[in-house]
Amino acid sequence: MIKQGKNIVAGLFLAVVSVVAAQAQQDVVVRVQALENNSNYMSLLRSDAQLRQKSDSLMGAIRDLRGEISRNAELRDSLAQVKGDSLLMVLTDAEGEVLSMRTQMIKLVDQINAIEQEHVLASMGNIGGAAAQVSGSIFTNEYFRKSLVKEDYDALMAVQAKEQSANEKAKSYVANYAKIKEMYNRYVQARTEADAEAVYGELAVVIDENTTLERDLSEAWSEIYDQKSYVYAYFLEKEGREDILELTEAMLSEAQQEKLLSVDNCVSEPLADYRLQKPIILNYETYVAKLLNLTSSIDSLSAASRDVRQIDYRLAKIDVERRSFVDYQAIEFHQRSPYTNSNPVPDCIVYEYGTIYRILMGTYKYKQAVSIFRGAAPLCVETLEDGRFSYYAGGFRTRSEAEKAVEVMKKKGFRNPQIVEWCDGYKTNLSEAGSVSFRLMISGGTLDDSVRDVIETMAPDCQLSRLAEDSFAVGMFASRAMAERVAQAIVKSNESLSVDVEELQAEEEEEE
């Protein structure tokens, strides 16, 4: 199996090379037209384009591998374990290759930017022959400050104070991504529900942290970028530097195009915005610093630009689907019961996550002889808090499957078989619940595609109804546990929505 894994990874790399070879002649984007005849510059651009194509192609293969690993993890047999280990080895090798490519790309981009910036700065003069300053920044420069309207300057200083926080959020997001990737590998390798749930708890914390970081970064950077790009464009236009404005606009257009082309390999849109737009803002500041002859600022801005290019947004998304360890089994009837004194009826397993429907055969004061269950299997027994014993048959994925099983049980002579649902460990006797049902009341906004996907996936038999412009109802649910599970998933998908579980009696349903 290990040899097979190495063959798979070799096949992936060959496929990537063939894709890149087919696209090798693709035109590269030249931001500084005057450098078109610079052979070193053009060679670097072509090498960068080819590495991007290789990386993106391999990332597509990585996404497919993760999907295969997740599907394989659900099988949970010995063959699946061996196959899963082999697939993880392939995944690790592929991700290592992508990381190596990214390291090369960062070096190439640094070289490309250095050539471009050196050319642009060499052609720029200073404002009014300003003397070189070995200290200070554009924000404390008197000429720059007086060139702006006071309100604009104050707003610029306000967003400048948020820059460090935005940078820290972006880096924290990427650091958390590395943690998620490592925990994901442990999660799909977990052999028992207890082990898997322990890792999932860790995963959920880091994923939620990244969700918050992503939201905060989006809000902070949007404000910073809008204010800074406006102020710098105003200053350069006032100084008559349309050439610099045109160059910056070209860089912005290229960044937007790069984002569109990277949509399949973009782990976070706010992170992509920050990573692509921050270097443009730093270029703005570098050109302003050059005009003001702030030599020390130019050096520090170049260092900041190299630092931000270390932040990678072109990362494969990791969709962590919560694993279910529920074993579903149809009911079979045997001439002789498979249960004996040496092979007694096992205890009823309560799964921490997942939904299963079992058929309640009866509840008794004492443990029963298996002969009364007429050869039905599989069976399990639950010891209740009052000391009585409930016996169950089968284990079904859906309620409709359980209802069909009930009809079979009645034909076999069982007088009152009942359907009992376990949802994430919470038990509901649906046959006794009878006239009670539940629905979700959603308010606070429209339903985006992600919310609709949650409803369609988790509640396929429930109807979604619009009650008003910003309120909806989803129902009906047979148990509160299932309704609350879907409600939690909706809120997690869109925190702006308010979701309440409403209990309905049969009369209320008829009136509505």
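Rules and cut-offs
- Residues numbered from 1 in each chain as written.
- Predicted model: local features only at pLDDT ≥ 70, side-chain atom pairs only at ≥ 80, totals over all residues.
- Heavy atoms only, no water.
- Helix = DSSP H or I, 4+ residues; strand = E, 2+ residues; numbered from the N terminus.
- Rg over C-alpha atoms; globule rule 2.2 N^0.38 Å.
- Buried < 20%, exposed > 50% of the residue type's maximum accessible area, 1.4 Å probe, protein only.
- Contact = heavy atoms within 4.5 Å.
- Areas by Shrake-Rupley, 256 points an atom, 1.4 Å probe, with all protein chains shown as cover.
- Lys, Arg positive; Asp, Glu negative; His and termini not counted.
- Charge placed at Lys NZ, Arg CZ, Asp CG, Glu CD.
- 1 Å grid on protein atoms, 1.4 Å probe; cavity = no way out; pocket = protein on both sides within 12 Å on 5 of 7 lines; lining within 4 Å.
- Points joined across faces, edges and corners; volume = space filled by probe spheres on them.
- Nonpolar A, V, L, I, M, F, W, Y, C, P; charged D, E, K, R; others polar.
- Polar contact = N/O pair within 3.5 Å; in protein donor to acceptor, adjacent residues only side chain to side chain.
- Patch = residues over 30% accessible without salt bridge, like charges linked within 9 Å, V, L, I, M, F, W, Y side chains within 5 Å.
- Salt bridge = Lys/Arg side-chain N within 4 Å of Asp/Glu carboxyl O.
- Pairing = 2+ DSSP bridges.
- Core = buried A, V, L, I, M, F, W, Y, C linked by side-chain atoms within 4.5 Å.

Looking at the overall build of the chain
- Check the secondary structure of the chain and you find 15 helices and 11 strands.
- Taken over the C-alpha trace, the chain has a radius of gyration of 31 Å; the compact-globule value for 512 residues is 24 Å, which it surpasses by more than 25%.
- Based on the C-alpha atoms only, the size of the chain along its principal axes is roughly 100 × 60 × 35 Å.
- Across the 512 residues of the chain, 46% fall into the buried class.
- Nonlocal contacts in the chain, meaning residues at least 24 apart in sequence, comprise 79% of its contacts between residues at least 6 apart.
- Roughly 26,500 Å² of accessible area belongs to the chain as shown, and the carbon and sulfur atoms make up 49% of that amount.
- For the chain, the separation between the mean place of its 57 positive charges and that of its 81 negative charges on side chains is 6 Å.

Some points on the layout of surface pockets
- Here the second largest pocket is characterised by a volume of approximately 1,200 Å³.
- Surrounding the second largest pocket, 44 residues form its lining, Arg31, Asp48, Arg52, Glu254 and Glu258 being those nearest its centre.
- Secondary-structure elements contributing two or more residues to the lining of the second largest pocket are helix H2 (39-73), helix H3 (78-122), helix H8 (242-261), helix H9 (269-291) and helix H10 (295-308).
- Split into classes, the residues belonging to the lining of the second largest pocket amount to 18 nonpolar, 13 polar and 13 charged.

Section: the side chain of Lys228
- Relative to the helices and strands, Lys228 resides in helix H7 (residues 193-238).
- Judged by its relative accessible area of 1%, Lys228 is buried.
- Within the structure, the side chain of Lys228 is placed 2.8 Å from the side chain of Glu285, a separation counted as a polar contact.
- With residues up to four places along the chain from it excluded, the contact list for Lys228 reads Phe139, Leu156, Val159, Gln160, Glu163, Ile281 and Glu285.

Focus on the environment of Glu214
- Mapped onto the secondary structure, Glu214 falls in helix H7.
- Each C-alpha atom of the pair Glu214 and Lys169 lies 7.8 Å from the other, and the pair is 45 residues apart in sequence.
- Discounting residues that sit within four places of it in the chain, Glu214 has contacts with Tyr173, Val267, Ser268, Glu269 and Pro270.
- Here the side chain of Glu214 touches Ser268 through a polar contact of 2.7 Å, side chain to side chain.

Regarding a negative patch on the surface
- Taken together, Asp448, Asp449, Asp453 and Glu456 make up a surface patch of like negative charges.
- Inspection of the secondary structure assignment puts Glu456 in helix H13 (residues 449-458).
- On the accessibility criterion, Glu456 (57% relative accessible area) is exposed.

Thoughts on empty space enclosed by the protein
- Scanning the model with the defined rule gives 2 cavities of 30 Å³ or more in all.
- Lining the largest cavity we find Arg52, Arg102, Met105, Ile106, Val109, Glu258, Arg275, Arg309, Ile311, Asp312, Tyr313 and Arg314.
- The leading source of residues in the lining of the largest cavity is H3, at 4 residues.

Let's talk about the pairing of strand S5 (residues 389-396)
- Counting buried residues in S5 gives 8 out of 8 residues, a clear majority hidden from the surface.
- Looking at chain direction, strand S2 (residues 355-364) and S5 are connected through 6 bridges and run antiparallel. Residue pairing across strands places Tyr357 opposite Phe396, the latter belonging to S5.
- Across 5 bridges, strand S4 (residues 379-383) lies against S5 in antiparallel orientation. From the neighbouring strand, Cys380 faces S5, where its bridge partner is Tyr392.
- With antiparallel pairing between neighbouring strands as the criterion, S4 and S5 make up a hairpin whose turn holds 5 residues, including Gly387 at a positive phi of roughly 90°.

Here we look at unusual backbone geometry
- Cis geometry marks the peptide bond from Ala377 to Pro378, where omega comes out at 0°.
- Looking at the element boundaries, Pro378 is found in the loop between strand S3 (376-377) and S4.
- Going from Gly475 to Met476, the amide bond is cis rather than trans, its omega being 5°.
- With respect to the secondary-structure elements, Met476 resides in strand S10 (residues 471-477).
- You will see that Asn293, though not glycine, has its phi angle at about 60°, which is positive.

Side note on the nonpolar core
- Phe144 and Tyr232 are the most contacted members of the largest nonpolar core, which totals 93 residues.
- Every element with two or more residues in this core is listed here: H2, H3, helix H5 (150-160), helix H6 (163-189), H7, H8, H9 and H10.
- Broken down by element, the residue count for this core peaks at 15 residues, all from H7.

Comments concerning the side chain of Arg439
- Take Arg439: it is sitting in strand S8 (residues 437-443).
- Side-chain polar atoms of Arg439 contact the side chain of Glu502, separated by 2.7 Å.

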